[in-house]
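Remarks on the overall topology
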Amino acid sequence: MYFNRDSVIFLDGNWLKASELVGDLFSQTLHYGNGVFEGIRAYQTPEGPHIFKAKEHFDRLHYSASKMFIEIPYKTEELVEIAYQLLKKNNLQNAYIRPLVYLGANMALTETKEVYVLMAAWEWGRYLGNDPLKVMISSYEKQSPKSVPVDAKICGHYTNSILATMEAKSKGFDEALILDAEGNIAEGPGANFFFEKDEVLYTPNLGNILPGITRATVMDYAKEMGYRVIEKVVKPEELMEADAAFFTGTATEIAGIKSIGGHEFKLDWEDTIAYSLFLMYRQRVVNNEFRDFTLV
Ligand code: PMP
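Small disclaimer: the values here were computed from a predicted structure and weren't measured.

1. Thoughts on the confidence of the model for the protein
Averaged over the protein, the pLDDT score is 95; the fraction of residues at 70 or greater is 97%. Note that pLDDT drops below 50 for residues 292-296; the model gives that stretch 11 contacts with residues more than four away or on any other chain.

If you want it as structure tokens, here you go:
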């Protein structure tokens, strides 16, 4: 699913077939989750594949690594170049790109000097699909920022996301919404959260969430369209009064939420600000973010 016989993968300066990949099963990343990664998308444009917000993603990879005292042996510009080569070698246009920075063998809870960079790409549909989602508030709360750097994309953080997703699916929901350690809304397992009320957009402020690149993009686009966007502490009760809600993320893009905990939002997906933002997002990513666009 993520690779086939012909897939080429970048591993520490080498281009390897997926079947040739070897890794150390005593990696500190595998045993204790000490590694960092990114999720990036490339889109087909008239000029060939364009990696959306490439610099922002690889800068965040560096930021995440720094939080775990890991030094990535490549600069952002080099990683961007590798990502473009990866697309070319795999003949991919619309693709999801997964860089993973993982560590060598170390069974102690100490710094690991051996650092590896893997980058793979594959075609991947929108992570949460195209239909408005039935969401539940998770019983698993997000790690506290006093315990781990929650604003970094660290492998081990995702055990929380996996538990929340499994719980939601096992109860018949499509996705979870996770609260922070204070009981306020934080984010989805792999996406940021927004809601709409009287034509204003609201989203949880930074501090307990991953500062999503799509979140920042959507905030820019909304302001460009003349909407106010307010970052604030969001209490779960407030959602009962909201007109609409949605998730944002690289893999997800913009996904509408139909209901939370069985409570349905007033607006139909096509009548939401999120839907207009989604159309704008699609236009920008396929036409390249620097081009003019028209909203259809
Ligand atoms: N929150 C979490 C926990 C995530 O894993 C992601 C996906 N990277 C996001 C938010 C959205 O971030 P971005 O828009 O940068 O993909």
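2. Quick word on the site of the ligand
Taken together, 15 residues surround the ligand, and among them Y158, E187, I213, T214 and T250 come closest. Contact between the ligand and R60: an oxygen atom at 2.8 Å from a side-chain N or O atom of the residue. K153 has a polar side-chain atom sitting 2.8 Å from a nitrogen atom of the ligand. Across the complex, the protein chains shield 95% of the 390 Å² of accessible surface that the ligand would expose by itself. Among the elements of the structure, α5 (213-224) and β14 (244-249) are those that each provide at least two residues to the shell around the ligand.

3. Describing unusual backbone geometry
For residues other than glycine, phi is negative in most cases, and the peptide bonds are mostly trans. The residue E199 is not glycine, and still its phi comes out positive at about 65°. The phi dihedral of E253 is positive, around 60°, even though this residue is not glycine. Examined against the element boundaries, E253 turns out to sit in strand β15 (residues 253-260).

4. Details of the packing of helix α2 (residues 54-67) against helix α3 (residues 76-89)
Working note: a packed helix pair is described by the angle between its axes plus the distance between those axes. Axis separation between α2 and α3 bottoms out at 9 Å; the angle between their running directions is 125°. When the axis of α2 is compared with that of α3, the two are oblique. When you trace α2 past α3, the crossing you get is right-handed. Where α2 abuts α3, its residues A54, K55, F58, D59, L61 and H62 lie against T76, L79, V80 and A83. Each residue belonging to the contact of α2 with α3 can be placed in one class, and the counts come to 6 nonpolar, 2 polar and 2 charged.

Basis of the calculations
Residues numbered from 1 in each chain as written. Predicted model: local features only at pLDDT ≥ 70, side-chain atom pairs only at ≥ 80, totals over all residues. Heavy atoms only, no water. pLDDT = per-residue confidence, 0-100. Contact = heavy atoms within 4.5 Å. Near = heavy atom within 4 Å. Polar contact = N/O pair within 3.5 Å; in protein donor to acceptor, adjacent residues only side chain to side chain. Areas by Shrake-Rupley, 256 points an atom, 1.4 Å probe, with all protein chains shown as cover. Helix = DSSP H or I, 4+ residues; strand = E, 2+ residues; numbered from the N terminus. Axes fitted to C-alpha atoms, helices over the stretch in contact; angles between N-to-C directions. Parallel < 35°, antiparallel > 145°, perpendicular 65-115°, else oblique. Left-handed = near helix turned anticlockwise from the far one by under 90°. Nonpolar A, V, L, I, M, F, W, Y, C, P; charged D, E, K, R; others polar.

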